[in-house]
Amino acid sequence: MTVNDALKAAVSQIAPACEISGANPARVAKALLMQHLGVKIEWIFLNLNRELEDADGYFTLAKRFANHEPLEYITGEAGFYGLSFNVKKGVLIPRPETEILVERSLEVLSNLPARNEPPLVAEIGVGSGIISICLALNSNAKIIASDISDDALNLARQNAAKFGVEDRIEFIKCAYLDQIYGQFDLLVSNPPYIAQDYRLDKFVLNEPHEALFGGAAGDEILKNIILIAKNRGVKYLACEMGYDQKASLESVLELSGFEAEFYRDLAGFDRGFVARNIFTNF
């Protein structure tokens, strides 16, 4: 079987799953082949008529995708903020909309009053490390990041080392900020915020549920984070949220002494907020 024949067969095999994920079957088939052979896309175009070695191994990867395993778990990597991060099953896959949260957080850090020591940032729910690492790469902040998952923390440490910022981020296993101390200039989080009864597609359901579902209404963890930020005297709070949670979170933020600005994602949905603690001296 030639490389071209194998690609065509794989496209047929994965087409139904691509309808669910919205992915392009031809692109997925090529990505799987690149993973299988350890080659770049140019190699595929130059070797379409070459006999494919270990075709069974290639179709095993295609079967995994056809069974709704996310492509990022199969390839072991995901693009975010122009970088390639390591990902693994059991840890949430980075989403493009979270890049907006990174941008808004960097804006906060760049506008802080100048002082001798670097700003102190906390992240709740570090996952694969994408937010903390991007902040470390693009600011002089000292970052402390928490997660309750050993898999997530280990992966975040790997990614931090990959990008040379392991000495700028301290990773701690705990819920919220339970074992983290300090006066933080910024608390950032992309927590679980999906309502428990919300229907997700089969690909997303292969990701860790504890990183997806935020409770019956979905905003319970976000509300806890706001209260923690209030009680800890955090100066700025930046969070991603669900598209339908602006009204409920706006009320909690106001009652907690935060002046919030909400932002939308590229699809036009409410997706997050940046809030300033009006009772904290800057």
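Within each chain, residue numbers correspond to sequence positions counted from 1 in written order. Reporting in this predicted model follows two pLDDT cut-offs: at least 70 for local features of residues, and 80 or more for side-chain atom pairs to be given and counted; totals over whole chains, interfaces and linings ignore these cut-offs and use all residues. Side-chain metrics rest on all non-hydrogen atoms present in the structure, leaving aside hydrogens and water.

## A word on the layout of surface pockets
Then step 1. Any residue with an atom within 4 Å of a point lines the site, the site being either a cavity, points on a 1 Å grid over the protein atoms alone where a 1.4 Å probe fits but cannot get out, or a pocket, an open set with protein on both sides within 12 Å along at least 5 of 7 lines. Grid points are joined across faces, edges and corners, and a volume is the space filled by probe spheres set on the points. Taken as a whole, the second largest pocket spans an internal volume of roughly 300 Å³.
Then step 2. Residue lining of the second largest pocket: Ala31, Met34, Gln35, Leu71, Thr75, Glu77, Ala78, Gly79, Leu83 and Ser84, and that is the complete set.
Then step 3. Looking at the lining of the second largest pocket, the elements that each hand over two or more residues are helix H2 (25-37), helix H5 (71-75), strand S1 (77-80) and strand S2 (83-86).
Then step 4. Taken together, the residues that form the lining of the second largest pocket break down as five nonpolar, four polar and one charged. The way it works is that DSSP assigns letters per residue, a run of H or I at least four long becomes a helix, a run of E at least two long becomes a strand, and they are numbered from the N terminus. In this classification, Asp, Glu, Lys and Arg are treated as charged, Ala, Val, Leu, Ile, Met, Phe, Trp, Tyr, Cys and Pro as nonpolar, and every other residue, Gly included, as polar.

## What to know about a nonpolar patch on the surface
Then step 1. Residues with no salt bridge and a relative accessible area higher than 30% make up the patches, which join like charges within 9 Å and nonpolar side chains (Val, Leu, Ile, Met, Phe, Trp, Tyr) within 5 Å. Shrake-Rupley sampling with a 1.4 Å probe provides the accessible areas, and residues are treated as covered by the protein chains on show and by no other component. Should a side-chain nitrogen of Lys or Arg be within 4 Å of a carboxyl oxygen of Asp or Glu, the pair is scored as a salt bridge. Residues Tyr198, Tyr243 and Phe269 make up a contiguous nonpolar surface patch of roughly 320 Å² in combined accessible area.
Then step 2. Structurally, the position occupied by Phe269 is in the loop between strand S10 (258-264) and strand S11 (270-277).
Then step 3. Each residue is assigned to one of three classes by its accessible area relative to the maximum for its type, calculated with a 1.4 Å probe on protein chains only: buried under 20%, partly exposed between the two thresholds, exposed over 50%. Residue Phe269 is classed as partly exposed on the basis of its relative accessible area, which comes to 43%.

## Focus: the packing of helix H6 (residues 98-110) against helix H7 (residues 130-138)
Then step 1. Axis lines are fitted through C-alpha atoms, for helices just across the contact stretch, and the angle between N-to-C directions can take any value from 0 to 180 degrees. One can describe the packing of H6 onto H7 by two numbers: an axis separation of 10 Å at closest approach and a directional angle of 40 degrees. It follows from the interaxial angle that H6 and H7 lie oblique. Crossing of H6 over H7 shows right-handed handedness. Residues Thr98, Leu101, Val102, Ser105, Leu106 and Leu109 of H6 form the contact with H7, whose own contacting residues are Ile130, Ile131, Cys134, Leu135 and Asn138.
Then step 2. Among the residues making up the contact of H6 with H7, the classes are represented as eight nonpolar, three polar and no charged. An angle below 35 degrees is read as roughly parallel, one above 145 as roughly antiparallel, one from 65 to 115 as roughly perpendicular, and any other as oblique. For any helix crossing, the convention is left-handed if the near helix is rotated counterclockwise from the far helix by under a right angle, and right-handed if that rotation is clockwise. Note on definitions: a residue-residue contact is assigned when non-hydrogen atoms from the two residues lie within 4.5 Å.

## Structural notes on the nonpolar core
Then step 1. Grouped together as the largest cluster of nonpolar side chains are 33 residues, with contacts concentrated most on Val121, Leu135, Ile169 and Phe171.
Then step 2. Among the secondary structure elements, those contributing two or more residues to this core are H6, H7, strand S4 (142-147), helix H8 (150-162), strand S5 (169-173), strand S6 (186-189) and strand S9 (236-240).
Then step 3. With residues up to four places along the chain from it excluded, the contact list for Phe171 reads Val126, Ala145, Leu153, Ala156, Arg157 and Ala160.
Then step 4. In this text, buried Ala, Val, Leu, Ile, Met, Phe, Trp, Tyr and Cys residues form a nonpolar core when linked through side-chain atoms within 4.5 Å. If you look at the next biggest cluster of nonpolar residues, it comprises 32 residues, including Leu120, Phe184, Tyr193 and Ile225.

## Some points on the packing of aromatic side chains
Given two aromatic rings, one states the distance between the centres and the angle between the planes to describe the pair.
Then step 1. When two rings of Phe, Tyr or Trp (its six-membered ring) have centres within 6.5 Å they constitute a pair, described as stacked for plane angles under 30 degrees, edge-to-face for angles over 60, and tilted for the intermediate range. Scanning the model with the defined rule gives seven aromatic pairs in all.
Then step 2. Measuring from ring centre to ring centre gives 6.3 Å for Phe80 and Phe85, while their planes differ by 70 degrees; the resulting arrangement is edge-to-face. Like Phe80, the residue Phe85 is buried in the burial classification.
Then step 3. A centroid spacing of 5.6 Å and a plane angle of 55 degrees characterise the contact between Phe262 and Phe273, whose relative ring orientation is tilted. Of this pair, Phe262 sits in strand S10 while Phe273 sits in strand S11; the two residues are 11 residues apart in sequence, bridging distant segments of the chain.
Then step 4. The class of Phe262 is buried, set by a relative accessible area of 16%.
Then step 5. Here a set of aromatic residues connected by ring pairs shows up, and it is made of Phe80, Tyr81, Phe85 and Phe163.

## Quick word on the sheet that holds S11
Then step 1. We treat two strands as partners when DSSP finds at least two bridges between them. Read across the sheet, seven strands follow the order S5-S4-S3-S6-S9-S11-S10 without closing on themselves; strand pairing throughout is mixed. Looking at the sheet topology across the chains shown, the edges are occupied by S5 and S10. Pairwise comparison of adjacent strand axes, ignoring direction, gives a mean angle of 15 degrees for this sheet.
Then step 2. By the bridge criterion, four bridges tie strand S3 (residues 120-124) to S6 in an arrangement that is parallel.

## As for the environment of Ala9
Then step 1. Note on placement: Ala9 falls in helix H1 (residues 3-21).
Then step 2. Given a relative accessible area of 30%, Ala9 falls into the partly exposed group.
Then step 3. Sequence separation of Ala9 and Ala29 is 20 residues, and the distance between their C-alpha atoms is 9.1 Å.

## Focus on the pairing of S10
Then step 1. Here S10 pairs with S11 via seven bridges, running antiparallel. In the sheet register, Phe258 faces S11, and the bridge partner there is Asn277.
Then step 2. Once S10 ends, the chain turns through five residues before running back antiparallel as S11, passing Gly268 with a positive phi of about 90 degrees.

## Structural notes on the packing of helix H9 (residues 220-231) against helix H10 (residues 246-255)
Then step 1. Between H9 and H10, the least distance of the axes is 10 Å, while the angle of their chain directions is 15 degrees. Between H9 and H10, the angle falls in the class roughly parallel. Seen along the crossing, H9 lies across H10 with a hand that is right-handed. For the pair H9 and H10, the contacting residues are Leu222, Lys223 and Ile226 in the first and Ser248, Leu249, Val252 and Leu253 in the second.
Then step 2. Partitioned by chemical class, the residues of the contact of H9 with H10 number five nonpolar, one polar and one charged.

## Comments concerning the side chain of Arg271
Then step 1. Along the chain, Arg271 turns up in strand S11.
Then step 2. Among residues more than four places away in sequence, those in contact with Arg271 are Glu97, Tyr193, Cys239, Glu240, Met241, Gly242, Tyr243, Tyr263, Arg264 and Asp265.

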